[in-house]
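Working through the structure, step by step
Given next are the chains, with one letter for each unit.
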Amino acid sequence: MGLNERQMTTEDGSVEAAAPRPARILEVNRLVHTFGDFTALNDVSLSANSREFVTLLGPSGSGKSTLLRILAGLELPTRVDALILDGHDVADVPANRRNVATVFQHYGLFPHLNVLENVEYGLRVRKVAKAERRQRALRMLEQVQLADFAHRNIAKLSGGQKQRVALARSLVLEPVILLLDEPLGALDEKLRIDMQVELLQLQRSLGMTFIYVTHSQEEALTMSDRILLMNQGRIVQEGTPEDMFDRPASRFAASFMGMENMFEAVVAEVGPETITVTADGVTFSGIWAAKGAPAAGDRVCCAFRSEKVRIAGDGAPEPGLNRIEGSLESRIYKGKYLDITYRTAIGPLRMREWDAHAVTDEAVRIEWRASQTILFPANEQ
Amino acid sequence: MFRPPTQVDPKGHGSFVLIWSFAALLPVVGLVLWSVLSMQNFRLVWEPSLQAYYDVLASGRWEVTVRTLRIAAIVTLIEIVLAVPFALWIAKGTRSIAVRTTCLGLLTIPFFLSLASRTIVWRGILGLNGPLNAVLMHLGIVDQPLDWLLFSEFSVVLGLIGPYFPPMVFPLFLAFALIDDEVLEASKDLGAPPSFTFLHVILPLAMPGLGAGIVFTFVPMIGDPVVPALLGGGNVIVLSASVQSLLRILNYTVAAALSVLMLAILVAIIGAAGALSARMARGRLA
């Protein structure tokens, strides 16, 4: 809210009508970036809307951090058709003349300055008068609940507090987009979960666009409006957290999003909603997650989550359920749950049992819903 | 008894202090003592007196002190101007490890040759019939060979630049290398042009390195006898030569008094520089 107020007030205090930010605040078309022979980003296009929380999710080496550095201007792209930020093409504009701010993985705080001076730094660069920059920095520190620490030495802060200083230091400049490079990676788990909530609240209350890099699918699912899943320098899939979690459309996406059970099958019949496949003589149904539609006889990949698997009852299977016989292979106690592996005709299948002390039988029938079984082409990564 | 390997035996501290007091403190104490004794017939007599200090100020020795300090200060400033960009480039500018290693390796070359043999080369270059004068005359910049090129304060300063370059570069390089790249990127990301980052981030964070560089160049230069002797040619008398001549005529008390004065000046300068750099390192002055 502080942000919107200030948008309408110019330096000399006169009030103008705030020009509304364009809905499409970032547009990247066909970005390629190479380091020597290595292609870090291969034909990447993306966009972000105003007030959106976009997450770049991917394993290390997938190019997500490089992409973020290019958005920040810390790295200039090898080749790009257009890199439009807030209505201007900034492809050749270096970081210090770009209105975006980055929260770095290790915060990048200035060790020789105290908390307040760190937050003031960007305003000092912009030659904001001392009294005003002090006031603005303090107001921002209040927003991240660090006002009492203004004169504290950086070295004396905890990880979570450093994180907030870094946030305040970037936010005080009112950037068009805030870029966050795995900002919670260095925090312990409890603090990470608190900070997730806090970051999200901050983003909503400031109405700012966040682009967030992480390798944690849990973080991405919790916080994002939209997730861009990256692998080997490409965006392999994008969608809402629900899309990404329930309908990953490739082998990589399925395994990265935590689908433990995956096997190959052949399409037997394409129905209006579900598709029937066979694997090692066993027949299953599932839904098609990728683009286009398969034809009978296509080789496909079939995946489902271990937490969707349960022990079947004795009666005949209900419609819409896949069922298979299995024998116990292993059970691993994980505290909150048990991870049980059953040997079946189509290979080992995992089941997550939420009663961590459940008694497991040697031979069982397990079942899971066809609507929770996803199918996608087998030949793609 | 089990002791973690990092923990030093307290007895070690004790013996260190003991050795250090004998090796470093005792001579200084002796020096101070000698400077307040008097001499009669080339003998020290146990009679406290400040005569030696009067002698230092009365004879031309005070000028020598000022000249020595001036030369050391000028050379130190030149070293800073040359070494800061060079060290910054090695530490942060080049990504190639081969280039970095080569540059740091080249800096050790001066240590292979004795200072005297390195310095004597300048005589040939700067002399009246040397190549420098020949080039200047050939280009028509001067009609007569320049006589101030050699055996002057100029030649002494020039001769000191080379040997005292590495001791300025190394601590600066270490200080620059220790600055986290992310901190520099954060500065850029927050809108700072390179000059602002240099003044407000790099320089304050490199203050310990600059301080060490000054100590390793300014202080030994004060006592350097070789370069002024070879390139000053008797025209540029510096402190070390003055002390040596005093010792030669067995004037121990004045030699001691001169040394004590020098020591006091050095301690004062280093103290002031330390306080200043501590303030700058907190980003207050810059």
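This text goes with the structure placed above it.
Structural notes, computed from the coordinates. Keep in mind that this is a model prediction, so the values were computed, not measured.

1. Focus on the overall build of chain A
For chain A, the count of helices and strands is nine helices and 20 strands. Within chain A, buried positions represent 53% of all 381 residues. Here the analysis covers contacts within chain A between residues at least 6 apart in sequence; of these, 65% occur between residues at least 24 apart. Summed over its atoms, the accessible surface of chain A is roughly 17,500 Å², and 48% of this surface lies on carbon and sulfur atoms. In chain A, 44 side chains carry a positive charge and 50 a negative one; their mean positions are 6 Å apart.

2. A short note on the pairing of strand 8 (residues 209-214) of chain A
Working note: regular strand, side chains alternate between the two faces of the sheet. All names here are of chain A. Within strand 8, six of the six residues are buried, which leaves the element mostly enclosed by the surrounding structure. With five bridges joining them, strand 7 (residues 177-181) and strand 8 adopt parallel strand pairing. Within the sheet, the bridge partner assigned to Leu179 lies in strand 8 and is Ile211.

3. Details of unusual backbone geometry
All names here are of chain A. For Lys127, which is not glycine, the phi dihedral falls at a positive 60 degrees. Judged by relative accessible area, which is 74%, Lys127 ranks as exposed. Notably, Glu174 is not glycine yet its phi reads approximately 50 degrees, a positive angle.

4. Description of helix 8 (residues 166-177) of chain B
Residue and element names in this part refer to chain B. The first and last C-alpha atoms of helix 8 sit 16 Å apart over twelve residues, in line with the 16 Å expected at 1.5 Å per residue. The buried fraction of helix 8 is high, at nine of twelve residues. Every buried residue of helix 8 is accounted for by Pro166, Pro167, Met168, Val169, Pro171, Leu172, Phe173, Ala175 and Phe176. Looking at the buried positions of helix 8, the neighbouring elements they touch are helix 3 (61-93), helix 4 (97-106), helix 10 (194-205) and helix 11 (207-223).

5. Topic: the interface of chain B and chain A
Interface size is commonly expressed as the accessible surface area that is lost when the partners come together. Facing the 23 residues of chain B at the interface are 29 residues of chain A. Regarding the contact of chain B and chain A, the summed buried area is about 2,000 Å², with carbon and sulfur atoms giving 57% of it. Looking only at chain B, the three residues that lose the most surface to chain A are Glu182, Asp189 and Leu190 of chain B, adding up to 36% of its buried area. Where chain B packs against chain A, one counts one salt bridge. In this structure, Arg69 of chain A and Glu185 of chain B form a salt bridge, with 2.7 Å as the shortest nitrogen-oxygen distance. Linking chain B with chain A are eleven residue pairs in polar contact (both at pLDDT 80 or more), by the criterion used here. Mapped onto the side of chain B that touches chain A, the elements with two or more residues apiece are helix 9 (181-189) and helix 10 of chain B. In terms of residue class, the side of chain B that touches chain A is made up of twelve nonpolar, five polar and six charged.

6. What about the side chain of Arg98 of chain A?
All names here are of chain A. On the secondary structure map, Arg98 appears in the loop between strand 5 (88-89) and strand 6 (100-103). As a buried residue without a salt bridge, Arg98 has its nearest oppositely charged side chain in Asp92, at a separation of 7.2 Å. When sequence neighbours within four positions are dropped, the list of residues in contact with Arg98 reads Ile70, Leu71, Ala72, Gly73, Leu76, Leu83, Leu85, Val90, Ala91 and Val93.

7. Some remarks on the packing of helix 3 of chain B against helix 13 (residues 239-248) of chain B
All names here are of chain B. For the pair helix 3 and helix 13, interaxial distance at closest approach is 8 Å and the crossing angle is 150 degrees. Our classification of the angle between helix 3 and helix 13 gives roughly antiparallel. Here helix 3 contributes Arg61, Val64, Thr65 and Thr68 to the contact with helix 13, which in turn contributes Leu239, Ser242, Ser245 and Leu246. For the contact of helix 3 with helix 13, a count of residues per class yields three nonpolar, four polar and one charged.

About the cut-offs
- In this numbering scheme, every chain counts its residues from 1 along its sequence in written order.
- Whichever chain is written first becomes A and whichever ligand is written first becomes 1, with later ones labelled in order.
- Local features are withheld for residues below a pLDDT of 70 in this predicted model, meaning they are given only at 70 or higher, and side-chain atom pairs are given and counted only at 80 or more; totals for whole chains, interfaces and linings count all residues.
- With hydrogens and water stripped out, all remaining heavy atoms of the structure feed into the side-chain values.
- Counting from the N terminus, the helices are the DSSP runs of H or I reaching at least four residues and the strands are the DSSP runs of E reaching at least two.
- A 1.4 Å probe rolled over the protein chains alone gives each residue an accessible area, and that area as a share of the maximum for its type sets the label: buried under 20%, exposed over 50%, partly exposed in between.
- The contact definition used throughout considers only heavy atoms, calling two residues in contact when any of these lie within 4.5 Å.
- Only the protein chains shown count as cover for residues, and the accessible areas themselves come from Shrake-Rupley with a 1.4 Å probe.
- The charged-residue count follows a simple rule in which Lys and Arg add positive charge and Asp and Glu add negative charge, with His and chain termini not counted at all.
- Where a charge sits is defined by one atom per residue type, namely NZ (Lys), CZ (Arg), CG (Asp) or CD (Glu).
- Only strands joined by at least two bridges in the DSSP assignment are considered to pair.
- Helix span, as expected, comes to 1.5 Å for every residue beyond the first.
- When two parts are brought into contact, each loses some accessible area as probed by a 1.4 Å sphere; the total of that loss over both is the buried area.
- Salt bridge criterion: a side-chain nitrogen from Lys or Arg within 4 Å of a carboxyl oxygen from Asp or Glu.
- The definition of a polar contact used here is a pair of N or O atoms within 3.5 Å, where within protein one atom must be able to donate a hydrogen and the other to accept one, and adjacent residues in sequence count solely through side-chain atom pairs.
- Each residue is assigned to one of three groups, with Ala, Val, Leu, Ile, Met, Phe, Trp, Tyr, Cys and Pro labelled nonpolar, Asp, Glu, Lys and Arg labelled charged, and all others, Gly among them, labelled polar.
- For every element, the axis is a line fit to its C-alpha atoms; helices are fit only across the contacting stretch, and the angle between N-to-C directions ranges from 0 to 180 degrees.
- For classification, angles of less than 35 degrees are called roughly parallel, those exceeding 145 degrees roughly antiparallel, those between 65 and 115 degrees roughly perpendicular, and all remaining angles oblique.

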